[in-house]
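# Architecture at a glance
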Amino acid sequence: MNHPFFTIIRNEEAVEKSYMKGLEISLLASHDGTEIIHHKLLAHNRWVLVPEKNWTALEYIRIISGHLIWKRPEGDVLLHPGDSFYGTPVNEHARFETAVDTEFLYVVSRQVFHHYSKLAKEMLEKAIVVEEKDGYTADHCQRIANLSLLIGEKLGLSPTQMNDLSFAAFLHDIGKIKIPLEILNKPSALNQDEWELVKKHPIFGKEILEQCDYPPMRVSGRIVEQHHERYDGKGYPHQLKGDEIDISAAIISVADSYDAMTLDRVYRKALTKEEAVTEILKNKGTMYHPKVVDVFLSLIDKLHK
């Protein structure tokens, strides 16, 4: 029922809805630059408030059901139904996780909904399409992101670094969208020209993300560009070595390798968990950052495969 000056929103009604893996968002009201967005975040998923340069207005969250876990360097803070969280402005990354399905209202005095519903969704879907064309399963990106964040948290990365890592890990191979399918799926060995083209996919990935009108994705482009660099300097595309490589890229390198080794591919059977761990340990200090490998090994019991 509507009134000349008011609008009633019935249960399940929304101006617009959007769905992403683990998240449903509904735009309930929007006017004069302010939006009210209902979020339903499934268990064991993450959500981040990202600061934006030169923005000083309000961002507000109110928990409706479930629990949001605010991940802080000083320790976790559990937000219960009825609790609120706001910043005027939000001047640092605020990262949240869920242990159970959780609903909350997000009120923001700028237009952000279509960043979720169009750009972010489109990029994440493209990443999954690329992985499937390259012979991986649709969950490959999500597994790499989850493992990368476990490693990053144990390494003590800041909330800002964790947010950038989350995007970069999921989108690490987005540049392969520019590689012809016949090369990605070639059953025989690549010739030199084909291999040189494939080696450019981290650069293509950076270029794609830098064109996004969404700051977290733009920042993640630099990490994506480095995820095939090696600790000994023999990687690509720029032969960076040691601490010249962004620690987030070094994390993705280990997470991606482990997941790839434990999946069946056209040209080989999957390695066992133990065989994959042995292979990563063998390349510690050459292909992989030693500190990242050590943290990965400390987490191995938490992995399902």
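The model shown is predicted, which means the values in this text are computed figures rather than measured ones.

### A short note on the nonpolar core
When a protein is soluble and globular, its nonpolar side chains tend to lie buried together. Core analysis: the biggest nonpolar cluster contains 44 residues, and Met-123, Ile-151, Leu-171, Leu-209, Tyr-258, Ile-280 and Phe-296 have the highest contact counts within it. Contributions of two or more residues to this core are made by α1 (113-133), α2 (140-155), α3 (159-170), α6 (201-210), α7 (215-226), α8 (247-261), α9 (273-282) and α10 (290-298). The greatest single-element share of this core, amounting to eight residues, is contributed by α8. Apart from the residues within four sequence positions on either side, Met-123 is in contact with Leu-171, Ile-174, Ile-208, Leu-209, Cys-212 and Met-217. The next biggest cluster of nonpolar side chains, apart from the first, holds 20 residues, and it includes Ile-25, Ile-37, Ile-63 and Val-90.

### Section: the pattern of salt bridges
The full count for this structure, using the stated rule, is 17 salt bridges. When the shortest N-O distance is used, the salt bridge between Glu-97 and Arg-46 registers 3.3 Å. With Glu-97 in strand β9 (residues 94-97) and Arg-46 in strand β4 (residues 46-49), this pair connects stretches of sequence that are 51 residues apart. Asp-259 is paired through a salt bridge with Arg-143; the nearest N and O atoms lie 2.7 Å apart. Residue Asp-259 is located in helix α8, and its partner Arg-143 is located in helix α2; the two are separated by 116 residues in the primary sequence. By relative accessible area, Asp-259 is classed as buried at 4%. The network of salt bridges with shared partners includes Arg-46, Lys-71, Asp-76, Arg-95, Glu-97 and Glu-153.

About the criteria used
Residues numbered from 1 in each chain as written. Predicted model: local features only at pLDDT ≥ 70, side-chain atom pairs only at ≥ 80, totals over all residues. Heavy atoms only, no water. Core = buried A, V, L, I, M, F, W, Y, C linked by side-chain atoms within 4.5 Å. Buried < 20%, exposed > 50% of the residue type's maximum accessible area, 1.4 Å probe, protein only. Helix = DSSP H or I, 4+ residues; strand = E, 2+ residues; numbered from the N terminus. Contact = heavy atoms within 4.5 Å. Salt bridge = Lys/Arg side-chain N within 4 Å of Asp/Glu carboxyl O.

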